[in-house]
Amino acid sequence: CALPICMNGEVGMLRGALGTSFLVGVMSLSNAQVCEENKYKDVHYHYSHNTAGAPDNSIAIPSGRAMRNFEYHSPLLNRKTSFDEYLQTQCVTALLVVKSGQIVHEGYYRGRNARTHLMSASMSKSILALLYGAAIAEGKITLQTKVRDVLPGFNGGFANDSVEDLLRMSASVQLVNSYDAGSASDNRSTDPILSPTTDIEDYLRRKHQSFDPGTVFHYNGSVTALLGIILNKVTGMTATKYLEQKVWHNIGAEKNGYWIKNYRGQEGVQGQFNAVLRDYGRLGLLVLNRGKVGDKQVLPKYWIDAMVELRKDKPQPKAPPFYGLHIWIPERANGTSQMAGVGGQFIFTDPKEDIVIVHTAVDSRADGPVEWYVFRNAIVAHLRNQ
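Residues numbered from 1 in each chain as written. Predicted model: local features only at pLDDT ≥ 70, side-chain atom pairs only at ≥ 80, totals over all residues. Heavy atoms only, no water.

Draft legend 1. Quick peek at the pattern of salt bridges. Applying the stated rule across the entire model yields 21 salt bridges. For K39, the salt bridge identified is with E36, shortest N-O distance 3.2 Å. We classify E36 as partly exposed; its relative accessible area is 30%. A salt bridge links D186 to K207; the shortest N-O distance between them is 2.6 Å. Here K207 lies in the loop between α9 (200-205) and α10 (221-235) and D186 lies in helix α8 (residues 186-189), a separation of 21 residues in the sequence. Assessed through its relative accessible area of 4%, D186 is described here as buried. (Salt bridge = Lys/Arg side-chain N within 4 Å of Asp/Glu carboxyl O. Buried < 20%, exposed > 50% of the residue type's maximum accessible area, 1.4 Å probe, protein only. Helix = DSSP H or I, 4+ residues; strand = E, 2+ residues; numbered from the N terminus.)

What follows is the structure in structure tokens.
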């Protein structure tokens, strides 16, 4: 589809899902963004965390022919802009572009470098979903498993929700989602950084049912927090240790990964994972290659396919991007997917074009740089023609 149409549809949905002053950004794109320079940088130095240790030998992502600067038309600015201008003006902290398995761009900005651990924000949700693929393959749980089957103390809200309902953000509980400082919301109340003393399991057990399970799309990080508790119960491991065992070593990560935890040891699976840029790229390649790393099938193909499949028969946002199993699906679908996090964190995968783009930023707006969707699609178009 035309770039402005794709961009407008996807941004429109994230505006609704993430809840920000989107129109201010559109009307004054060139000066509306505020770059929170030190945010999301090596957060594990400041908070309690669990560590997914890197393997002794990492798997290198080879370098390819460097991507050239290029121009593209911005429907928001109503003029031509360039790849370099975007990087200079849109609060970007790092950008990795991998085409046909080779790095064609790797850049660090605003004091970051290849050793800096960048916080995932809600990309963490999709990382947790990858772990569910491993747990399902091992027979530890199924998509049909109900919350009450694993957590018998849940008798009201969430009790009858299935794992699939939770992964599709169609839980039966009405939840409040907000990114505004000081606001009372369920996503903030279960965040280990913002609410480190909360007993997440007890907090969620007190919720009441509002809808029939699996009938309403309602995005909230506390749903992911519940999935984290369930995964811990069925595997007997922290999400971090399970990640290390099932994914981190197998993708050949080059640095440790860190999941922030609260004072009770409950991990911030909904948004507080930290890794270096190239390791996020390795996660993107794992999705792009349908769970395979080299000759090894790390996660089942069927699981990656299920995560990124557009299911219109399931509850969906009112406008694109759509939602799979804890991952966003761009309007044009066709196997493309996007992990997305507050402030401009994205891992975009396009299997048809064989492209992975990892983008991190420190934009003060929850949905990040408004221009991202046009920029992302412009990179794909440029590499197709380069």
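Draft legend 2. How the structure looks around the packing of helix α5 (residues 123-137) against α10. The contact between α5 and α10 brings their axes to 11 Å, and the two run at 30 degrees. The pairing of α5 with α10 is recorded here as roughly parallel in orientation. Note that α5 runs across α10; the crossing there is left-handed. Residues K125, L128, L131, Y132 and A135 of α5 pack against G221, T224, L227, G228, I230, L231 and T235 of α10. Here the contact of α5 with α10 is composed, by residue class, of 7 nonpolar, 4 polar and 1 charged. (Axes fitted to C-alpha atoms, helices over the stretch in contact; angles between N-to-C directions. Parallel < 35°, antiparallel > 145°, perpendicular 65-115°, else oblique. Left-handed = near helix turned anticlockwise from the far one by under 90°. Contact = heavy atoms within 4.5 Å. Nonpolar A, V, L, I, M, F, W, Y, C, P; charged D, E, K, R; others polar.)

Draft legend 3. Expanded view of the packing of α5 against helix α13 (residues 301-308). Relative orientation of the contacting elements α5 and α13 amounts to 140 degrees, with a least axis distance of 10 Å. Here α13 runs oblique to α5, going by the angle between their axes. Viewed along their axes, α5 and α13 form a crossing whose handedness is right-handed. Of α13, the residues touching α5 (which contributes S126, A129, L130, Y132, G133, I136 and A137) are Y302, W303, I304 and M307. In the contact of α5 with α13, the residues fall into 9 nonpolar, 2 polar and no charged.

Draft legend 4. Region of interest: the environment of S337. As for its position among the elements, S337 is in strand β13 (residues 337-341). Assessed through its relative accessible area of 1%, S337 is described here as buried. Sequence separation of S337 and G291 is 46 residues, and the distance between their C-alpha atoms is 14 Å. With residues near it in sequence (within four places) discarded, S337 still touches V287, V308, I327, W328, P330, I347, F348 and T349. Here T349 takes part through its side chain, which lies 2.8 Å from a polar atom of the side chain of S337. (Polar contact = N/O pair within 3.5 Å; in protein donor to acceptor, adjacent residues only side chain to side chain.)

Draft legend 5. The arrangement of the sheet that holds strand β7 (residues 257-260) in detail. With respect to topology, 4 strands assemble into an open sheet ordered β1-β7-β8-β6, the strand pairing being antiparallel. Lying at the two open borders of the sheet, with one neighbouring strand each, are β1 (49-52) and β6 (118-119). Pairing geometry for β7 and strand β8 (residues 273-275), over 2 bridges, is antiparallel. Bridged to Y258 within β8 is N274. Relative to β1, helix α11 (residues 239-248) is tilted by about 15 degrees, and along the sheet it contacts β1, β7 and β8. (Pairing = 2+ DSSP bridges.)

Draft legend 6. View of the packing of aromatic side chains. Scanning all chains against the criterion turns up 15 aromatic pairs. Ring geometry for F217 against W328: centres 6.3 Å apart, planes inclined by 70 degrees, an arrangement best described as edge-to-face. Here W328 lies in strand β12 (residues 328-329) and F217 lies in the loop between α9 and α10, a separation of 111 residues in the sequence. Like F217, the residue W328 is buried in the burial classification. (Phe/Tyr/Trp six-rings, centres within 6.5 Å; stacked < 30°, edge-to-face > 60°.)

Draft legend 7. Highlighting the layout of surface pockets. Taken as a whole, the largest pocket spans an internal volume of roughly 760 Å³. Put simply, the second largest pocket is a space of about 260 Å³. The wall of the second largest pocket is formed by 15 residues, among which I59, L285, N289, V293 and G294 lie closest to the centre. Counting only elements with at least two residues in the lining of the second largest pocket, the list comes to α12 (277-288) and β9 (292-293). The leading source of residues in the lining of the second largest pocket is α12, at 4 residues. (1 Å grid on protein atoms, 1.4 Å probe; cavity = no way out; pocket = protein on both sides within 12 Å on 5 of 7 lines; lining within 4 Å. Points joined across faces, edges and corners; volume = space filled by probe spheres on them.)

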